[in-house]
Amino acid sequence: QELITRELLQGIQGTVTNAAYLARCYLREHPEWSCGILCAGYDHVDKCGKIYSISPGGAIMEEEELALGGSGSTYILGHMDNSNMQPSTMSEEECIEFVGHAIELAMQRDGSSGGHVSIHVIDRRGSKAMVRIPSTKNSNTPTKSQYRSSSNNSTVSLFASPKRRISF
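Anyway, here's the lowdown on the structure attached to this text. What you see is a predicted model; the values in this text were computed from it and never measured.

### What about the packing of helix α3 (residues 73–83) against helix α4 (residues 92–109)?
Between two packed helices, the angle of one axis relative to the other and the distance separating the axes together describe the packing.
At step 1: At their nearest, the axes of α3 and α4 sit 8 Å apart, and the two run at 130° to each other. The angle between α3 and α4 falls in the class oblique. Between α3 and α4 lies a crossing of right-handed hand. Residue-level inspection shows Y75, I76, H79, M80 and S83 of α3 in contact with α4, the latter providing F98, H101, A102, I103, L105, A106 and R109.
At step 2: Considered class by class, the residues forming the contact of α3 with α4 number eight nonpolar, three polar and one charged.

In structure tokens:
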């Protein structure tokens, strides 16, 4: 709401950076929340995707290519290290499949992860959302899962920009 008010009163459109610093303020004002936040999106000013990691204490860092958070993130890091993933050389479809599969693997190992994978692809044209229904096989081999359109909140974001950025 603060970003909309700023745009209406001052005529300045909010950026991803503005949103990240606003989220940091909320975390500092509410220490009982005890959570970290990934704030990401397409920045219309810089003309590229932006990813910010915000720690529970309010430390904020702009990430270069990707950011991970949550209890399953260590499993995803292991999968990424093993697969030698290079986001800047992958197509959008390859990134979506990789992200979906990586989260499925984390869901198999992490007792706090589960359900489905919501994926949002965000670029200068806007965003599209899909839900990945995990395959039932317990396998390390990527499989095509079923996707459907979604209006749910994002748990994974993929940014298509000149320098591809992925947020888990």
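### Regarding the sheet that holds strand β1 (residues 37–43)
At step 1: Across the sheet, three strands lie side by side as β1-β2-β3; this open sheet has antiparallel pairing. This sheet does not close on itself; its edge strands, each paired only once, are β1 and β3 (60–63). Between one strand axis and the next, the sheet turns through 25° on average, direction left out of account.
At step 2: Pairing geometry for strand β2 (residues 48–54) and β3, over four bridges, is antiparallel. The residue of β3 that forms the bridge with I51 is E63.

### Description of the nonpolar core
At step 1: Core analysis: the largest hydrophobic core is formed by 16 residues, its most contacted members being I76, F98 and I103.
At step 2: Among the secondary structure elements, those contributing two or more residues to this core are α3, α4 and β5 (117–123).
At step 3: Ranked by residue count, the leading element in this core is α4, at eight residues.
At step 4: One finds A23, L27, C39 and I60 within the second-largest nonpolar core, a separate group that totals eight residues.

### Considerations on the side chain of S118
At step 1: Along the chain, S118 turns up in strand β5.
At step 2: A distance of 3.4 Å separates a polar atom in the side chain of S118 from a polar atom in the side chain of H116.

Cut-offs applied
- Numbering of residues begins from 1 in every chain and follows the order in which that chain's sequence is written.
- Given that the model is predicted, a residue must reach a pLDDT of at least 70 before its local features are reported, and side-chain atom pairs must reach 80 or more before they are shown or counted; all residues, however, enter totals for whole chains, interfaces and linings.
- For side-chain calculations, the full set of non-hydrogen atoms in the structure is used, while hydrogens and water are omitted.
- Here the axes come from fitting lines to C-alpha atoms, over the contacting stretch only for helices, and the angles between their N-to-C directions go from 0 to 180 degrees.
- Each helix is a run of DSSP H or I of at least 4 residues and each strand a run of E of at least 2, with the numbering of both proceeding from the N terminus.
- By the definition adopted for this analysis, an angle is roughly parallel if under 35 degrees, roughly antiparallel if over 145, roughly perpendicular if from 65 to 115, and oblique otherwise.
- Crossing chirality is assigned from the near helix's rotation relative to the far helix, an anticlockwise turn below a right angle marking it left-handed and a clockwise turn marking it right-handed.
- Only heavy atoms matter for contacts: two residues are in contact if any of them lie within 4.5 Å across the pair.
- Classification convention: Asp, Glu, Lys, Arg as charged; Ala, Val, Leu, Ile, Met, Phe, Trp, Tyr, Cys, Pro as nonpolar; all other residues, Gly among them, as polar.
- Note on pairing: two strands pair once DSSP finds at least 2 bridges between them.
- Working definition of a nonpolar core: buried Ala, Val, Leu, Ile, Met, Phe, Trp, Tyr and Cys residues. They are joined through side-chain atoms within 4.5 Å.
- Burial classes: relative accessible area under 20% of the type maximum marks a residue as buried, over 50% as exposed, and values in between as partly exposed (1.4 Å probe, protein chains only).
- Any N or O atom pair separated by 3.5 Å or less is treated as a polar contact, with the protein-specific requirement of one donor-capable and one acceptor-capable atom, and with residues adjacent in sequence counted only for side-chain atom pairs.

That's the geometry; what it means functionally is another story.
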